[in-house]
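Summary of the model geometry
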Amino acid sequence: MTLITAAKRDVRKLRNRRSLAVAALLALCAAATLITLVFRAAHGPPADAPTIDLEEHIRGYVRHFPSDQAYRIPDAAERAQVSEGIADIVDGRLDAARRPLSEAGYTVRTVRLAGSHRVVAQVAEATGRGAQLRGWGEVFVDLGRRVQWSAQVPHPVSDQDTELLGAELFSRAPGGVLVLAGATRDAGRGNAADVAHRQDSVFNAVCAVLAARRIPGIQVHGFADDSSPGNDVVVSAGPGEAGPRVRAAARLLSSAGFTVCRAWDQDCGRLEGTTNVQARTAAADDVPFLHIENSHHVRDSPTARSRLAAALAEAASQLAEGGATAP
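Just so it is clear, the model here is predicted, and its values are computed rather than measured. (Residues numbered from 1 in each chain as written. Predicted model: local features only at pLDDT ≥ 70, side-chain atom pairs only at ≥ 80, totals over all residues. Heavy atoms only, no water.)

**Here we look at helix α3 (residues 76-90)**
An ideal rise of 1.5 Å per residue puts 21 Å on 15 residues; α3 measures up with 21 Å between its terminal C-alpha atoms. Turning to α3, its buried residues are Glu78, Gln81, Val82, Ser83, Gly85, Ile86, Ala87, Asp88, Ile89 and Val90. N-capping of α3 is provided by aspartate 75, with a side-chain oxygen placed 3.1 Å from the backbone N of alanine 77. Positive backbone phi, approximately 90°, marks glycine 92, located one or two places after α3. (Helix = DSSP H or I, 4+ residues; strand = E, 2+ residues; numbered from the N terminus. Expected span 1.5 Å × (residues − 1). Buried < 20%, exposed > 50% of the residue type's maximum accessible area, 1.4 Å probe, protein only. Polar contact = N/O pair within 3.5 Å; in protein donor to acceptor, adjacent residues only side chain to side chain.)

Next up, the structure:
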């Protein structure tokens, strides 16, 4: 009888220990959930983030570009502040980015993209009383996943509708950054506002930060139809080597029904982008880069432009396959 009683007592102890262990595990899970919720509330996108139609926003934005010779070249300190802020956002430190960007005259807000409901950071020049129109552009960074590619629009308005192409491309492919110049290419003195051929611009500072993190870029341009007769799109890697992912992008565009001129083995009418500053930086860092020139008749057609954006979005996914790393 004594042995039976002892055995029952041991069983009760074992059950109590298991109950305590289960209770402790449940408490840990509850604590972890609470910590996660608190962290997201403090660091995640606000629940009341406004929704914007990116294409409509950009249509309105370009209507207020600075007039001829109103573009101001940012100084080295301003470019460094923007670089620091964009690096912070890309690295997941949205709150830290506000200080350097504010010092450079930029605001940061979190918005949702209409249609996709993706949450992105919008980096825009400050407006309101005392704000000066400088023409430095805007940047949008996807906050939903790690940044793996970028869409670059250096000549909005000047290369008609490339700003709309860039907006749709960014909206279609998650994990990207949209870098949009803030003036026409002739808005400054000389070629000061031609940001594809200048190193002293906010546009180039942002693209350089991305290249330093080995984030591939797709830069969209436009050409007059008679500059490369018979071609819809000219694909190149700028001065860099046209690697497998660049060649794959050309195949995707061909499969989408576009007549594609491949700059690495065809004469495309001097549209190869070999003097492009961002392409040269990418080539020096061995980062995949797509220089995409688009004919006027493609850009002028909403249907063709949308088909082009879809093909480039697929190319963006392929470009990102190699992943991005910190410098």
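**Quick word on the nonpolar core**
The biggest cluster of nonpolar side chains holds 45 residues, and the ones touching the most others in it are Leu54, Ile218, Val235, Leu253, Leu290, Ile292 and Leu312. Sort the elements by how many residues they give to this core and helix α10 (residues 302-319) lands first, with 9 residues. The contacts of leucine 54, once residues within four sequence positions are left out, are Leu113, Phe140, Ala167, Phe170, Ser171 and Leu178. Counting residues in each nonpolar core, the second largest holds 33 residues, with Val141, Ala193, Phe203 and Val206 among its members. (Core = buried A, V, L, I, M, F, W, Y, C linked by side-chain atoms within 4.5 Å. Contact = heavy atoms within 4.5 Å.)

**A look at the packing of aromatic side chains**
Each aromatic ring pair is described using two quantities: the centre-to-centre distance and the angle formed by the ring planes. Applying the stated rule across the entire model yields 1 aromatic pair. Seen from their ring centres, tyrosine 61 and phenylalanine 65 are 5.5 Å apart, and the 90° between their planes marks the pair as edge-to-face. Comparing tyrosine 61 with phenylalanine 65 shows no difference in burial state: the two are buried. Against the face of phenylalanine 258 rests arginine 307, its NZ or CZ located 4.4 Å from the ring centre. (Phe/Tyr/Trp six-rings, centres within 6.5 Å; stacked < 30°, edge-to-face > 60°. Lys NZ or Arg CZ within 6 Å of the ring centre and 35° of its normal.)

**Section: the pairing of strand β2 (residues 106-113)**
With 2 bridges connecting them, strand β1 (residues 51-52) and β2 associate as parallel partners. Its bridge partner being in β2, isoleucine 52 is matched across the sheet by leucine 113. In the sheet, β2 pairs with strand β3 (residues 119-125) via 7 bridges, with the strands oriented antiparallel. Bridge pairing links arginine 109 to glutamine 122 in β3. Hairpin remark: β2 followed by β3, antiparallel, with 5 residues in the connecting loop; positive phi at glycine 115, about 90°. (Pairing = 2+ DSSP bridges.)

**Some points on the packing of helix α2 (residues 54-62) against helix α5 (residues 162-172)**
Each pair of packed helices can be described by the angle between their axes along with the distance between the axes. One can describe the packing of α2 onto α5 by two numbers: an axis separation of 9 Å at closest approach and a directional angle of 155°. Judged by the inter-axis angle, α2 sits roughly antiparallel to α5. Seen along the crossing, α2 lies across α5 with a hand that is right-handed. Touching Leu54, Glu55, Ile58, Arg59 and Val62 of α2 are Glu163, Leu164, Ala167, Phe170 and Ser171, all from α5. (Axes fitted to C-alpha atoms, helices over the stretch in contact; angles between N-to-C directions. Parallel < 35°, antiparallel > 145°, perpendicular 65-115°, else oblique. Left-handed = near helix turned anticlockwise from the far one by under 90°.)

**Topic: the environment of phenylalanine 140**
Locating phenylalanine 140 in the fold gives a position in strand β4 (residues 138-142). Accessibility expressed as a relative area gives 0% for phenylalanine 140, which makes it buried. Along the sequence, phenylalanine 140 and alanine 167 sit 27 residues apart, while their C-alpha atoms lie 9.7 Å from each other. Excluding residues within four positions of it along the chain, phenylalanine 140 makes contact with Ile52, Leu54, His57, Val120, Ala121, Gln122, Phe170, Gly176, Val177 and Leu178.

**Describing the sheet that holds strand β10 (residues 289-295)**
The sheet built from 10 strands is open, its strands ordered β1-β2-β3-β4-β6-β5-β7-β10-β8-β9 with mixed pairing. Single-partner strands in this sheet number two, and they are β1 and β9 (260-262). The pairing of strand β5 (residues 149-153) with strand β7 (residues 217-223) spans 3 bridges and is parallel. The residue bridging serine 150 from the neighbouring strand is glycine 217, located in β7. Across the face of the sheet, α3 comes into contact with β2, β3 and β4 while running at roughly 170° to β3. Against the sheet, helix α6 (residues 202-212) contacts β2, β4, β5, β6 (176-180) and β7, and its axis sits at roughly 160° relative to β6.

**Side note on α10**
The terminal C-alpha atoms of α10, which comprises 18 residues, lie 25 Å apart, in line with the 26 Å expected from a rise of 1.5 Å per residue. Turning to α10, its buried residues are Ala304, Arg305, Leu308, Ala309, Ala311, Leu312, Ala313, Ala315, Ala316 and Leu319.

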